[in-house]
Amino acid sequence: MSQHIDNPSQAQESDSSRECGYHHVDVERYYQASLEIENNRHHIEDAREEITELQHTEAVELFKKQVGLLQKRLVNDPKFFQQTFITEGINAIAWEFQQDELNAEFTRTLWELMLRNDDMSTLLLRFLWNIPLKFKRKFVRAIDTHLRERYPMFEGLSNGWPGANNIPPYIRPPHERADDFDLVNQGYMGYMGLGYSFREVELLVWLEVLRDKQCDDRPCELGLPKMDGGENEGGCPVKIHIPEMIHLMGEGKFKQAFQLIKEANPLPNVTGRVCPQEIQCQGVCTHNERPIEIGQLEWYLPQSEKVLNAQANFDIKDFDNPWAKAEKPPIAVVGSGPAGLINAYLLSKEGYPVTVFEAFHELGGVLRYGIPEFRLPNDLIDDVVMKINQMGGKFVTNFIVGKTATLEALKRAGFWKVFIGTGAGLPRFMNIPGEHMNGILSANEFLTRVNLMKAHKDDYETPLPETRGKHVIVIGGGNTAMDAARTARRLGGKVSIVYRRTQDEMPARVEELHHALEEDIELKVLRSPREFIGSDKKQFVTHALLDVMELGEPDASGRRRPIATGETEEIPVDLVIMALGNASNPIVKDAEPGLKTSKWGTIEVKSGSQETSIDDVYTGGDANRGGSTAIKAAGDGQAAAREIAGNVPFTESEIKSLVASAERYTEKGQAPQKIMHKIELAEGIVEFVVYSPLIAKSARAGQFTRVLGWDKGELIPLTLADWDAEQGTIDLVVQGLGSSSMMINQMSEGDDFAGIAGPLGLPSQLHRYDNGETVVFTAGGVGLPPVYPIMREHLRMGNHVTLIAGFRTKDLMFWAEPDQRIGLLQAEYPDLLDVIYTTNDGSFGINGFVTGPLEQMLESMKAGTGRTIAEVVTIGPPLMMRAVSDLTRPYGVKTVASLNSIMVDATGMCGACMVPVTIEGKMVRKHACIDGPELDSHIIDWDKFLPRFLQFRKQEDENKARHGFS
Ligand code: FAD
């Protein structure tokens with residue numbers, strides 16, 4: 001703690017003045033009298049008398065001598081004069097502080113001096129920062145009294161200052177903000193929007209800092225020890241030196257404060273805005289009534305630097321490209337959320353060549369797809385990405401570790417160590433009746449549609465459930481619930497948050513909850529959904545039946561347990577957003593048998609380390625903790641970076657070779673996914689051969705890709721029709737039915753897709769049938785391309801295959817000629833492959849649907865006259881798959897449907913591709929992208945599943961009209 005001084009004049013009194021012992025009072029009176037005369041004011045006579053009386057006092061004579069001396073020095077050494085002037089000025093100010101109150105003129109003059117933003121003003125800030133609290137209070141009383149007209153936020157500030165009163169950051173008023181996505185909490189910089197200058201804002205920030213008690217035990221940084229000796233309560237997970245940061249700001253050294261914070265946390269502009277400060281740094285602040293706004297100070301520093309100089313955040317000097325230098329082995333970072341980004345930043349800074357592999361086409365993880373821009377502008381994530389780029393860090397998007405490549409494959413590609421920061425993006429549902437209905441979706445899906453895919457903007461393709469004027473309920477009480485509710489509110493919804501406990505138990509950041517309430521969002525507490533009810537055939541939800549709850553004894557979380565009272569309440573709803581938290585995404589775990597996970601699916605780490613059960617593979621953030629916080633994720637990324645940067649076991653030449661290999665691999669991942677060939681198969685049906693070497697290398701029969709045609713397009717699933725690992729190409733067949741597929745079909749050879757991720761889903765399960773049984777494929781229309789590679793695998797295994805390919809009409813048929821795919825297979829496997837064509841209009845093959853010949857085969861099998869059908873694989877229009885499923889059920893023939901359902905991220909993160917299935921009489925939720933795409937068609941609840949395809953029919957029609965498709 002810095003030493004406090006009881007008399008402010010002692011704080012800055014110069015040595016010479018103390019030695020001479022001259023009295024400020026005499027000098028001050030003499031000086032004031034001179035001013036009266038100089039300015040020709042009306043007390044000239046009195047002033048003259050005073051001068052005569054004082055001019056021979058010791059103090060005044062000394063003062064005059066000093067002035068003479070100063071004048072001489074001014075000529076010889078202007079710098080010294082300036083310093084002396086400052087020192088003497090401070091003495092005068094210190095003298096003023098000894099008066100009962102600071103007068104108006106002095107206060108205004110002092111403020112003006114502080115505003116000058118020069119050496120003198122910095123000194124003044126330092127002076128005020130160091131004076132005892134009683135003088136600080138005097139200063140705050142003075143600005144409250146004398147400057148309140150100019151600064152309305154000063155009015156009343158002195159009441160309860162410093163502990164219980166402060167100048168809050170600028171929050172846009174609810175009526176201005178509730179309909180747009182602009183930043184709500186504009187921080188102290190927000191006052192610039194009201195016409196205050198940059199320096200004025202800096203002083204407002206400094207006034208906040210001035211409240212600091214300068215505590216010795218640093219609770220804001222270190223937290224408070226717990227009685228049980230466990231991890232400290234509160235404090236900063238990345239150990240920002242908060243007291244020092246505040247001290248530097250208190251002394252007016254804002255730049256130095258920024259440098260200090262950057263050392264500990266490359267994301268202050270992010271974490272300062274989204275951290276739950278009320279349970280971390282601010283939660284243990286000794287000003288417990290109104291803690292210092294540490295979060296606001298944290299993001300003020302980078303933001304103000306950005307305002308002063310757009311390049312300030314990128315002042316990375318003397319940077320040598322670590323890939324070119326190749327002195328350290330390459331590191332792979334999986335996932336670009338806060339954990340991955342901070343890890344990549346710190347390792348790049350240490351000179352490691354780093355590649356970040358991200359599943360989405362955009363970077364930032366939850367910071368981008370989850371947290372809306374009215375809370376966290378995307379350009380702040382871009383800033384961090386740019387910084388990493390500047391230090392040589394590389395990014396590969398649309399790359400799903402566990403699918404595009406395994407961890408082992410990354411190591412084989414040259415990466416020495418891997419950090420997994422894949423988050424916990426698998427939304428939870430309640431598994432209650434009616435939850436499958438249209439109009440019920442996860443918060444992840446809703447927020448991703450809006451934040452990532454910009455579905456609310458007219459020129460973007462992704463559909464969004466209707467919200468304007470609709471009754472929207474959000475289930476949950478955390479940050480995700482607040483973000484979803486406030487987003488729906490901005491889209492015109494009448495929004496209620498349904499929470500099973502009371503407001504006091506809500507885990508959301510206090511600020512977000514407060515803002516939600518200000519924005520007219522209703523809270524329905526002590527309510528929990530029991531059932532969702534829909535009225536029409538399309539299965540859109542119309543009502544929610546809620547259990548009325550009460551609070552019982554505390555549960556494991558320490559919060560009182562909600563208990564159903566037996567009473568219920570029914571409310572009308574059009575849209576239900578489930579914000580119940582996230583479980584762990586199984587993709588990485590499922591692909592890595594050696595990776596130890598907890599019973600909740602989180603990746604386990606060794607004690608006191610971030611290393612997983614696989615050597616040289618580290619993890620942190622939500623992947624390890626389950627749903628947690630951004631700052632804890634950042635803390636883990638930081639801790640892992642320290643561990644990763646250990647002893648390098650390679651020779652110089654080995655490192656060079658690893659770097660070259662990892663760089664080649666990275667470049668492959670970054671290569672534009674270009675259309676090499678475009679083949680018109682039939683009217684409205686196009687085959688694309690696309691360069692996508694990493695997908696081609698990992699593709700297996702039955703898998704699909706997630707395709708983004710163009711920047712403003714929609715993410716759609718397209719099954720792999722074929723691939724060529726040698727050429728690095730994949731084949732996609734697209735029928736232009738919806739606006740996205742129609743737009744994609746207009747792309748030409750040489751065009752790049754905005755992003756293709758894959759291969760996704762589980763590969764087909766292939767069995768060898770030894771007894772001459774046949775595997776029947778029923779392919780409807782463009783169901784043929786996904787059938788093709790699966791069928792080929794069966795043939796390669798020696799299984800007999802019957803293909804029943806159905807088309808609406810002959811003109812829509814493709815791949816049937818002898819030199820085309822099916823024809824070539826027939827030639828290659830004449831004894832193993834039977835092909836039957838059907839057309840709905842009878843223009844080719846059998847007249848009718850694929851079910852016709854299938855039924856005949858089933859009957860022959862039953863009669864013992866035809867081949868035994870080992871299994872049926874059905875791929876095509878959902879109604880056809882259902883018909884096939886219904887047909888085979890009575891015969892007890894295993895039937896698999898490959899589902900191409902509505903999805904957004906296609907990795908399980910959104911839950912949109914829900915397939916209701918019945919297992920042992922219970923409805924269970926399966927996801928086409930994680931559990932499928934192939935599912936046992938006999939357990940699918942088709943009545944519930946099929947209406948899901950109609951969810952966005954209206955939006956689809958609107959999109960078609962917008963593009964001029966009819
Ligand atoms: P994430 O941010 O989840 O990032 C993981 C990244 O990995 C994603 O980009 C994902 O696409 C990618 N990925 C996943 N699987 C793979 C794979 N197999 N291969 C490649 N990439 C993959 N915390 C706060 O502190 N304050 C808040 O206000 C707050 N609000 C929130 C609001 C919402 C809506 C949500 C959902 C969460 C919120 N959180 C908040 C929680 C916080 O965002 C998370 O704790 C934090 O983002 C976790 O960071 P992470 O880096 O571990 O993972």
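Everything below is about the structure shown above.
All figures in this text were calculated on a predicted structure; none of them were measured in a lab.

**Overview of the overall build of the chain**
Summing up its helical and strand segments, the chain has 36 helices and 31 strands in all. Viewed in the frame of its principal axes, the chain has a C-alpha envelope of about 135 × 75 × 60 Å. Residues classed as buried in the chain amount to 57% of the 966 residues present. About 40,600 Å² of surface is accessible on the chain, with carbon and sulfur atoms providing 48% of the total. The positive charge centre, built from 102 side chains, and the negative charge centre, built from 135, are 2 Å apart in the chain.

**Describing the packing of helix α23 (residues 479-490) against helix α24 (residues 510-518)**
α24 packs onto α23 with a crossing angle of 25° between their chain directions and a minimal axis gap of 10 Å. As judged from the angle between their axes, α23 and α24 are roughly parallel. Crossing of α23 over α24 shows left-handed handedness. Touching Asn479, Met482 and Arg486 of α23 are Glu512, Leu513, His515 and Ala516, all from α24. Within the contact of α23 with α24, the residues separate by chemical class into three nonpolar, two polar and two charged.

**Quick look at the site of the ligand**
Close to the ligand lie 35 residues; Val274, Glu358, Arg375, Asp622 and Ala630 are nearest. Separating a nitrogen atom of the ligand from a backbone N or O atom of Ala359 is a distance of 3.1 Å. Backbone polar atom of Asp622 to an oxygen atom of the ligand: 2.9 Å apart, as the coordinates give it. Sorting the residues of the shell around the ligand by element identifies α18 (338-349), α23 and α27 (630-644) as the ones contributing at least two each. Of all the elements, α23 adds the most residues to the shell around the ligand, at three residues. Grouping the amino acids of the shell around the ligand by side-chain chemistry returns 17 nonpolar, 13 polar and five charged.

**Details of the pairing of strand β12 (residues 560-572)**
Two elements, strand β11 (residues 541-554) and β12, share nine bridges in a ladder whose sense is antiparallel. Among the inter-strand pairings, Pro554 is bridged to a residue of β12, identified as Arg560. In sequence, β11 turns back onto β12 through a hairpin of five residues, with Gly558 there showing a positive phi of about 90°.

**As for the pattern of salt bridges**
One pass over the full model with this rule turns up 55 salt bridges. Close ionic contact of Asp383 with Lys306 constitutes a salt bridge, the shortest N to O distance being 2.8 Å. Of this pair, Asp383 sits in helix α20 (residues 378-390) while Lys306 sits in helix α16 (residues 294-308), and the two are 77 residues apart along the sequence. A relative accessible area of 18% places Lys306 in the buried class. The network of salt bridges with shared partners includes Arg177, Arg375, Asp483, Arg486, Arg490, Arg509, Glu511, Glu512, Glu518 and Glu519.

**Section: the side chain of Thr774**
Inspection of the secondary structure puts Thr774 in strand β23 (residues 774-780). We classify Thr774 as buried; its relative accessible area is 0%. Polar contacts involving the side chain of Thr774 include one to the side chain of His800, which spans 2.7 Å. Among the polar contacts listed, one links the side chain of Thr774 to the side chain of Thr802, at a separation of 2.8 Å.

**Re the packing of aromatic side chains**
How two aromatic rings sit relative to each other is given by the distance of their centres and the angle of their planes. Tallied over the full model, the rule gives 26 aromatic pairs. Plain terms: the ring middles of Phe97 and Phe106 are 6.2 Å apart, the flat faces sit at 85° to each other, and that makes the pair edge-to-face. Comparing Phe97 with Phe106, the two get one shared label, buried. One aromatic cluster is present, built from ring pairs that chain together Trp111, Tyr151, Phe154, Tyr170, Tyr188, Tyr191 and Tyr196. Positioned over the ring face of Trp299 is Arg273, at 3.6 Å from the centre of the ring. In this structure, Lys394 is placed above the aromatic ring of Trp323, and the distance from its NZ or CZ to the ring centre is 5.2 Å.

**Topic: a positive patch on the surface**
Taken together, Arg412, Arg664, Lys668 and Lys697 make up a surface patch of like positive charges. Within the secondary structure, Lys697 is located in helix α29 (residues 693-698). Given the relative accessible area of 61%, Lys697 is considered exposed.

**Re the sheet that holds β12**
Adjacent strands of a sheet pair through backbone hydrogen bonds, lying either parallel or antiparallel. Pairing in this open sheet of three strands is antiparallel, and the strands run β10-β11-β12 from one edge to the other. The sheet terminates laterally at β10 (527-534) and β12, the two strands that pair on one side only. Here the average twist between neighbouring strands, direction ignored, is 20°.

**Looking at the sheet that holds strand β16 (residues 673-682)**
Within the open sheet, the seven strands sit side by side as β21-β16-β17-β20-β19-β18-β22. Their pairing is antiparallel. Edge positions in the sheet fall to β21 (752-753) and β22 (755-760), since each of these pairs with one other strand and no more. Strand contacts of helix α31 (residues 784-797): β19 (715-724) and β20 (729-735), with the helix running at about 40° to β19, the strand carrying the most contacts.

**Examining the pairing of strand β25 (residues 833-839)**
With five of seven residues buried, β25 lies mostly within the body of the structure. Bridging between strand β24 (residues 800-807) and β25 involves seven bridges; their strand directions are parallel. Paired with Ala805 across the bridge in β25 is Tyr837. On the question of chirality, the crossover connecting β24 to the parallel β25 by way of helix α32 (residues 821-828) is right-handed. Pairing of β25 with strand β26 (residues 846-847), which is carried by two bridges, proceeds in the parallel orientation. Residue pairing across strands places Thr839 opposite Asn847, the latter belonging to β26.

**Looking at the environment of Phe360**
In this structure, Phe360 sits in the loop between β2 (354-357) and α19 (366-369). On the accessibility criterion, Phe360 (7% relative accessible area) is buried. Residues within four places of Phe360 in sequence aside, it is in contact with Tyr369, Thr397, Asn398, Thr448, Leu452, Arg706, Leu715, Asp905 and Met909.

**Describing the environment of Leu346**
As for its placement among the helices and strands, Leu346 is situated in helix α18. On the basis of relative accessible area, Leu346 is assigned to the buried category, the value being 18%.

**Quick word on helix α13 (residues 242-250)**
Among the nine residues that make up α13, seven are buried, leaving the element largely enclosed by the rest of the structure. Burial in α13 covers these residues: Ile242, Pro243, Met245, Ile246, Leu248, Met249 and Gly250.

**A short note on the nonpolar core**
Residues Phe97, Trp111, Phe139 and Phe154 are the most contacted members of the largest nonpolar core, which totals 103 residues. For this core, the element with the highest residue contribution is helix α11 (residues 198-210), accounting for nine residues. When sequence neighbours within four positions are dropped, the list of residues in contact with Phe139 reads Phe97, Leu102, Leu110, Trp111, Met114, Leu128, Trp206, Leu207 and Leu210.

**Focus on the state of the cysteines**
Each disulfide consists of a covalent bond between the sulfur atoms of two cysteine residues. According to the stated counting rule, one finds zero disulfides in the structure shown. With no disulfide partner, Cys236 has as its closest neighbouring cysteine sulfur the one in Cys281, 6.6 Å distant. Take Cys275: it sits in no disulfide, and the sulfur closest to it among the cysteines is that of Cys281, at 6.8 Å. Overall, the relative accessible area of 6% leaves Cys275 in the buried class.

About the cut-offs
- Residues numbered from 1 in each chain as written.
- Predicted model: local features only at pLDDT ≥ 70, side-chain atom pairs only at ≥ 80, totals over all residues.
- Heavy atoms only, no water.
- Helix = DSSP H or I, 4+ residues; strand = E, 2+ residues; numbered from the N terminus.
- Buried < 20%, exposed > 50% of the residue type's maximum accessible area, 1.4 Å probe, protein only.
- Areas by Shrake-Rupley, 256 points an atom, 1.4 Å probe, with all protein chains shown as cover.
- Lys, Arg positive; Asp, Glu negative; His and termini not counted.
- Charge placed at Lys NZ, Arg CZ, Asp CG, Glu CD.
- Axes fitted to C-alpha atoms, helices over the stretch in contact; angles between N-to-C directions.
- Parallel < 35°, antiparallel > 145°, perpendicular 65-115°, else oblique.
- Left-handed = near helix turned anticlockwise from the far one by under 90°.
- Contact = heavy atoms within 4.5 Å.
- Nonpolar A, V, L, I, M, F, W, Y, C, P; charged D, E, K, R; others polar.
- Near = heavy atom within 4 Å.
- Polar contact = N/O pair within 3.5 Å; in protein donor to acceptor, adjacent residues only side chain to side chain.
- Pairing = 2+ DSSP bridges.
- Salt bridge = Lys/Arg side-chain N within 4 Å of Asp/Glu carboxyl O.
- Phe/Tyr/Trp six-rings, centres within 6.5 Å; stacked < 30°, edge-to-face > 60°.
- Lys NZ or Arg CZ within 6 Å of the ring centre and 35° of its normal.
- Patch = residues over 30% accessible without salt bridge, like charges linked within 9 Å, V, L, I, M, F, W, Y side chains within 5 Å.
- Right-handed = clockwise from strand over helix to strand, strands pointing away.
- Core = buried A, V, L, I, M, F, W, Y, C linked by side-chain atoms within 4.5 Å.
- Disulfide = S-S within 2.5 Å.

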